[in-house]
Amino acid sequence: ASHAVVATLAAAAPRKALPQLRESTSRVFRGQMKQLEATLASCAQPAHYVRCVRPNAAKRADRFDAALVLRQLRASGIMDLVKIRALGFPERVSAKAFAEEFAPRADAAEARVRELEEKL
């Protein structure tokens with residue numbers, strides 16, 4: 001009987017609304033990571049890696065310090081990669097494509113070396 005009284009009192013008691021909590025930094029970060037993953041997944045070419053670059057030293061939104069970004073890109077080697085790509089060299093070549101391209105040349109070079117060795 002006492003359980004019925006407690007249940008009746010609990011049901012009749014007004015419920016207090018929980019205070020609205022700010023989103024935690026962790027939750028915001030997870031949300032941003034999910035957005036980034038979705039953006040990368042929608043790209044035509046799959047991303048092999050992601051480099052993070054600070055747009056400004058003050059860490060403020062809508063501010064872009066070109067000199068700071070350029071220093072970071074140079075220090076991380078991205079500018080060298082851009083130069084190499086501009087020269088027409090591919091970023092990645094599969095082992096199969098590499099072998100198909102260079103194996104015949106390697107065989108010919110090896111045969112030439114044997115030929116020269118025999119003459120010595």
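Residues numbered from 1 in each chain as written. Predicted model: local features only at pLDDT ≥ 70, side-chain atom pairs only at ≥ 80, totals over all residues. Heavy atoms only, no water.

1. What about the overall build of the protein?
Looking only at helices and strands, one finds 5 helices and 0 strands in the protein. The N-to-C order of helical and strand elements in the protein reads α-α-α-α-α. Counting the 120 residues in the protein, one finds 3% classified as buried. When the accessible surface of the protein is totalled, it reaches about 11,300 Å², and 59% of it is carbon and sulfur. (Helix = DSSP H or I, 4+ residues; strand = E, 2+ residues; numbered from the N terminus. Buried < 20%, exposed > 50% of the residue type's maximum accessible area, 1.4 Å probe, protein only. Areas by Shrake-Rupley, 256 points an atom, 1.4 Å probe, with all protein chains shown as cover.)

2. A look at unusual backbone geometry
We note that lysine 59 has phi near 55°; this positive angle belongs to a residue other than glycine. As for its placement among the helices and strands, lysine 59 is situated in the loop between helix H2 (25–41) and helix H3 (66–75).

3. So, H3
Near the N-terminus of H3, the side chain that reaches the backbone nitrogen of alanine 67, with its oxygen 3.3 Å away, is that of aspartate 65. Phi for glycine 77, located one or two positions after H3, is positive at around 90°. (Polar contact = N/O pair within 3.5 Å; in protein donor to acceptor, adjacent residues only side chain to side chain.)

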